[in-house]
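Structure assessment
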Amino acid sequence: MTVSTAYNGPQISLCDGSTTSFPVAFQYAAASELIVELIDAVTGDIVQLVEGADYTRSGDGMSAPTAITTLTTYPAGKSIQRRRSTPLTQTLLAPPNSLPQSALMERAWDRAILALQEVVSRVNVAIATIARTWQPPANSTYAGKYPVVGPNGELLYASGTGADTGLRTDLASQSGTSFVGWKRAKTGAIVRSVGDVLVDQASIMDFIVPQVERDKIRAGTSVADMSPYFAAAAAANIPIVFPAGSYHLGGSVLFNKRVTFLPGAKIYRDSGGAIGFAGGIDAPCEQIFYGFKYPELDINADLTPWGWVDWFGTDADALETAPSIFKEVRLAMHDYVVTRTVIWNHRFRKISGGWGSAEGTFGTRIVLTGAAAATQPVVQVGSGLTNGNVAADTARRLVVERINTYRDGVVQPAVTNRREDAVPGWEVKGWYEGRMVECFDFGSPIHYRVSGTCACVMEKCRGVRPYVGASNGHPDFYTAFAVGGYSTSWGFIGANASIRLIQCETAGGVGDTRVGLYLYGLMGDTWVEKFEMSQLEYGILIDGAAKGTSTALTAQDAHQDVMIQQPVLDACRTNCIRVQQINTGGQINISDVYAALSQPGAVVYIEDVKGAVSIDSGQILGDASKTITGIFATAAHMLHVSRSVKIKNCTIGIQAIGSDTLSIEASVVRTAAGGNAAVDLQNVTRSIIAPLQNGDTGTWTYGVTMDAACGYNSVDGTGIGFGSFVSMTAANKVRFNGGDARTAFGSNLLTGNPA
């Protein structure tokens, strides 16, 4: 069958109260695809009629003309609509390997054409509708505009600038945002107007009048003074947001409400510029303020209890400005490059970094570079003073933690040829009730120089020096910690009044005559806990001499009181501990020591000590293959070596020359041949000697040996086991002037079991 008729959409006939036959001018493939409807012109209601119940049909729809006959006559005001609805389906099924059936195929093609006719009809109707309601304007005035529907349904043309009468004037008004809705894409969020959302936060841009200036601010090219606009925003007395951009300030402004800076916001100080934030601020870790220092910049520290150094920059000025304003200051995990010493003379402040590596891998570093790197400290903690009113003239309760200093340059050795005059990484001076925790210095000949402090603590501070200084003809000393001074501070007895070093250490360094901890001059009231080092010439050097002399400071100057607990001094080259030139009032107490010497010499060396030195416990280790003395004392007084001190594998356990009032009770042991004596005394008087001595067979020659100048001593040989002697006889336990002390002992007293 062919499709010979066109389909131009529904066919409608008006009813007149008598006509019942209505022709169908188009073809259709099935009776169900012919739709007959009754339309009420007044109400617009449409009712579909049912074949057999409401009408009859003649013809098959494809081969012969068709008509319908209604079983009821319908009055005027009604109309009969006939339309076609061909399903968009394909019902032909061709079994595999079957011969083509032309009739079925033709019928499928007919249905496809019928459906296509309907689609084309609908498209034509849509185009015709548009053509009836709108025609492109001929006037060039409307070029580039778009159509909008006016309030009365009329078609208008608008450009979207806000000036067109064709736009809704209410949307373009000051309150227009209240007509635009918005909802946050989160569960539970409600619909709000855009105006209601914008009220939540005011922007400084709300108060900057010229649009062109706002554009320049965003572009970073504005140089205009924002003072009047800032003042207007401050007068509004509401929280303000500063979007990204460059703002210049040449006047004075105070914000009483909180101010928030978004990333990229920058304020530049012009001449006369000053700004205050009484309500505090919020900002990212980046520079915001350019050219501002305290007091032209002030931020309420009660409402902003901590701030980033980066808000002010990354130079020395920024590092000093931040603690002038905030109670707590934070440094980020990057380098702060300075060309002069950073001075932290601040009271009741906490300055914290992120720690990390001093060598530049993910750490907080203050890097001193340029000419200053040769001669200046990287950081000074404290006022730099040593006398005055300790409560007023110091940096009181200043806490510094997790910050690395780095010297980027070759240092000049001190021309005075004095160890304590070398350049420090950290100059700690004029500091009261403060703490330094987990700081690190890289590259300085002195990592920490400490004087003029009172009731302060340094904990887990460290350093390393991998590079030598300049060759200027002067000794290039290396000292990890230099603690002391040559004048009393703040009216107390020493250069430091109660300074504690806890778990401090050095990773080593290069230079001349290297020292881990150097206590010098008036080092009174110094308490050292768990200090650790290795492979330097000296582990701990205690020197109480007056500056430039080898004479101890007098007792009237100060009492040189030092307490050292649990030091770990490993693989030292010259002495693990050296104590010299201590005055009569001095008290040096050492306990739980671990001291190991790797080269010939004395593990502990004591010289010209008028005060008391007490070694209460610990291990003093030598190397059995080398000539090493455990403890050597000359011109010493009031030396006490406790029974809890174990001296191992030394050639001589303890040797004293020209000394008196000694108390020696150490435990001395050896595991290899070559030992001389547990105790050797030369010109020693008024002392008590009672060692414990043992070892493998043949490891010792004598127990205690004394020359003829020794007198008025009490020697107890009970604890001397001569089974470890080369010649196992009691005659070698205590020797006096080359002979058996049991035979002749001068003015000395031999006590205990002589056998």
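Note on numbering: residues in each chain are counted from 1, in written sequence order. Residues qualify for local features only when their pLDDT is at least 70, as the model is predicted, and side-chain atom pairs are given and counted only at 80 or more; totals for whole chains, interfaces and linings, by contrast, use all residues. By convention in this description, side-chain values take in all heavy atoms of the structure and omit both hydrogens and water.

The name recorded for the protein chain in an unreviewed UniProt entry is Pectate lyase-like protein, from Sphingomonas trueperi.

Only DSSP runs of H or I reaching four residues or more are called helices, and only runs of E reaching two or more are called strands; each is numbered from the N terminus. A count of helical and extended segments in the protein chain gives five helices and 62 strands. Throughout, radius of gyration means the C-alpha value; the globule benchmark is 2.2 Å times the number of residues raised to the power 0.38. At 50 Å, the protein chain has a C-alpha radius of gyration far larger than the 27 Å of a compact globule built from 755 residues. Its C-alpha atoms put the protein chain at 165 × 80 × 45 Å along the principal axes. Here the protein chain holds 755 residues, and the buried ones make up 47% of them. It only takes one pair of heavy atoms within 4.5 Å for two residues to be counted as in contact. Contacts in the protein chain between residues far apart in sequence, at least 24 positions, make up 64% of those at least 6 positions apart. In the structure as shown, the protein chain presents an accessible area of about 33300 Å², 54% of it carried by carbon and sulfur atoms. As used throughout, the charge tally considers Lys and Arg to be positive and Asp and Glu to be negative, leaving His and the chain termini uncounted. All charge positions are set by atom: Lys at NZ, Arg at CZ, Asp at CG, Glu at CD. Of the charged side chains in the protein chain, 58 are positive and 66 negative; the average position of the first set lies 1 Å away from that of the second. For each residue, the accessible area found with a 1.4 Å probe, counting protein chains only, is set against the maximum for its type, and the residue is called buried under 20%, exposed over 50%, and partly exposed in between. The protein chains shown are the only cover counted for residues, whose accessible areas, like all others here, come from Shrake-Rupley with a 1.4 Å probe.

Our focus in this paragraph is the pattern of salt bridges. By definition here, a salt bridge exists when the distance from a side-chain nitrogen of Lys or Arg to a carboxyl oxygen of Asp or Glu is within 4 Å. With the rule as written, the count across this model stands at 29 salt bridges. Between Arg-218 and Asp-215 there is a salt bridge, and its shortest N-O distance comes to 3.4 Å. Taken as a pair, Arg-218 and Asp-215 lie in helix 3 (residues 211–219) at a separation of three residues, close to a single helical turn. Taking the shortest distance from any N to any O, the salt bridge between Lys-350 and Glu-401 comes out at 3.5 Å. Of the two residues, Lys-350 is situated in strand 26 (residues 349–352) and Glu-401 in strand 30 (residues 398–401); the sequence distance between them amounts to 51 residues. The partly exposed category is assigned to Lys-350, whose relative accessible area is 31%.

Before going further, it helps to spend a moment on the nonpolar core. Grouped together as the largest cluster of nonpolar side chains are 133 residues, with contacts concentrated most on Phe-230, Phe-242, Phe-289, Trp-344, Trp-426 and Met-436. Of the residues forming this core, the biggest block, five residues, is contributed by helix 5 (residues 316–325). Apart from the residues lying within four places of it in its own chain, the contact partners of Phe-230 are Ile-204, Phe-242, Tyr-247, Leu-249, Val-253, Phe-255, Ile-267 and Ile-275. For this analysis, a nonpolar core means a set of buried residues of the types Ala, Val, Leu, Ile, Met, Phe, Trp, Tyr and Cys, connected via side-chain atoms within 4.5 Å. In terms of nonpolar packing, the next biggest core, distinct from the first, is built from 14 residues, Tyr-7, Cys-15, Val-24 and Leu-49 among them.

With that settled, the discussion passes to the sheet that holds strand 2 (residues 21–24). An order of 2-6-5 is seen for the three strands of this open sheet, with the pairing classed as antiparallel. Both edges of this open sheet fall to strand 2 and strand 5 (55–58), since each of them pairs with a single strand only. For this sheet, the mean angle separating the axes of adjacent strands, direction not counted, is 25°. For two strands to pair, DSSP has to find at least two bridges joining them. Here strand 5 pairs with strand 6 (residues 66–70) via four bridges, running antiparallel. Within strand 6, the residue paired with Arg-57 across the bridge is Ile-68. An axis is simply a line fitted to the C-alpha atoms; with a helix, the fit covers only the stretch in contact. Between two such axes, the angle follows the N-to-C directions and lies from 0 to 180 degrees.

Right, let's talk about the pairing of strand 51 (residues 639–648) for a bit. By the bridge criterion, eight bridges tie strand 49 (residues 612–621) to strand 51 in an arrangement that is parallel. The residue bridging Val-613 from the neighbouring strand is Leu-639, located in strand 51. With two bridges joining them, strand 51 and strand 53 (residues 663–664) adopt parallel strand pairing. Among the inter-strand pairings, Val-641 is bridged to a residue of strand 53, identified as Ile-664.

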